[in-house]
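Survey of secondary and tertiary structure
As a plain string of letters, each chain reads:
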Amino acid sequence: MNRIITIGREFGSGGRTIAKMTAKKLGIPVYDHELLSQIAEKSGFSKEYVAEKTEDSTWNSLIARSLSGLSSGAQIPAEDYLWRMQRQVILELAQKESCVIVGRCADYILRDKADCLRVFIYADPAKRMERIVSVYGERDLSPEKRLRDKDKRRSAFYNYHTDMVWGAVHNYHICLDSGAFGLEKCADFICSLY
């Protein structure tokens, strides 16, 4: 049976980097932006459109989508179709091989899979702000606003599709503070649990 690690993360916490480090240490693939390409290929939409309409959906677009479903129902909204494609891609990856999957509600999609370690990475906002400026080069908006906006979109997308609360400890097997432990130690913890 394949063993899967899903990593949810706050923006700027280093979750993506931890996922890559973990996958490298374990010798298994990591899927993050690669998921966008696979969802785009399966759906027929462009990668840019998929990126815009999946994890980075705004709360307003999710509400509008929800309300639009109350009318005719004759056609599936594109975002709902993309959700189905995203779900299918993640389930196929889990069936195909052991791997690390970053974000995209993979923890929820694979919640009934017996061998799936669900991880959430977070950090103090000050450390996340420092990281998005120093590592990501984010300087156009205030770091505080950028964190708040990005996390708000991730939360809205997750909460809408899962009926669960993004970042709530009960959704995960382990939540790690990357600001306190450091990225390398977080990857080591995850590998030891794997």
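Scope of this entry: the structure provided in the associated data block. Along each chain, the written sequence defines residue order, and numbers are assigned to residues from 1. The predicted nature of this model means local features are confined to residues of pLDDT at least 70 and side-chain atom pairs, given and counted, to a pLDDT of 80 or more, with totals for whole chains, interfaces and linings taken over all residues. Side-chain figures throughout are based on the complete set of non-hydrogen atoms in the structure, without hydrogens or water.

**Considerations on the side chain of Ser98**
Runs of H or I in DSSP of at least four residues are treated as helices and runs of E of at least two as strands, each being numbered from the N terminus. Relative to the helices and strands, Ser98 resides in the loop between α5 (78–96) and β3 (99–102). Polar contact is defined as a pair of N or O atoms within 3.5 Å, subject to the rule that within protein one atom must be able to donate a hydrogen and the other to accept it, and that residues adjacent in sequence are counted only when both atoms are side-chain atoms. Here Arg3 takes part through its backbone nitrogen, which lies 2.9 Å from a polar atom of the side chain of Ser98. Contact definition: two residues touch when any of their heavy atoms are within 4.5 Å. With sequence-adjacent residues up to four places away left out, Ser98 is seen in contact with Asn2, Arg3, Ile4, Ile28, Pro29 and Tyr194.

**With respect to the sheet that holds strand β4 (residues 116–122)**
A pair of strands counts as paired when DSSP detects no fewer than two bridges linking them. Strand order across the open sheet formed by 5 strands is β2-β3-β1-β4-β5, with parallel pairing between neighbours. The open sheet is flanked by β2 (30–31) and β5 (174–177), the only strands paired with a single partner. Each of β1 (4–9), β2, β3 and β4 is contacted by helix α1 (residues 15–26), which is oriented at about 165° to β1, the strand it contacts most. To define axes, lines are fitted to C-alpha atoms, for helices over the stretch in contact only, and angles between the resulting N-to-C directions are given on a 0 to 180 degree scale. Running over the sheet, helix α10 (residues 183–193) touches β1, β4 and β5 and is turned about 160° from β5.

**Concerning the packing of aromatic side chains**
Any Phe, Tyr or Trp ring, taking Trp's six-membered ring, that has another such ring centre within 6.5 Å forms a pair; planes under 30 degrees apart are called stacked, those over 60 apart edge-to-face, and the others tilted. One pass over the full model with this rule turns up 7 aromatic pairs. Note on Phe11 and Tyr136: the rings are 5.6 Å apart at their centroids and 45° apart in plane angle, and the pair reads as tilted. With Phe11 in the loop between β1 and α1 and Tyr136 in the loop between α7 (125–134) and α8 (143–162), this residue pair connects regions lying 125 residues apart in the sequence. Relative accessibility thresholds used throughout: buried, under 20% of the residue-type maximum; exposed, over 50%; partly exposed, between the two (1.4 Å probe, protein chains only). Judged by relative accessible area, which is 33%, Tyr136 ranks as partly exposed. A centroid spacing of 6.1 Å and a plane angle of 70° characterise the contact between Trp83 and Phe157, whose relative ring orientation is edge-to-face. Remark: Phe157 occurs in helix α8 and Trp83 occurs in helix α5; sequence separation between them is 74 residues. Like Phe157, Trp83 is buried. Aromatic rings pair up to connect Phe45, Tyr49 and Tyr81 into one cluster. For a Lys NZ or an Arg CZ to count as sitting over a ring, it must be within 6 Å of the ring centre and within 35 degrees of the ring normal. Over the face of the ring belonging to Tyr194 we find Arg3, whose NZ or CZ atom lies 4.4 Å from the ring centre. Sitting over the ring of Tyr108, Arg111 keeps its end group 3.9 Å from the ring centre.

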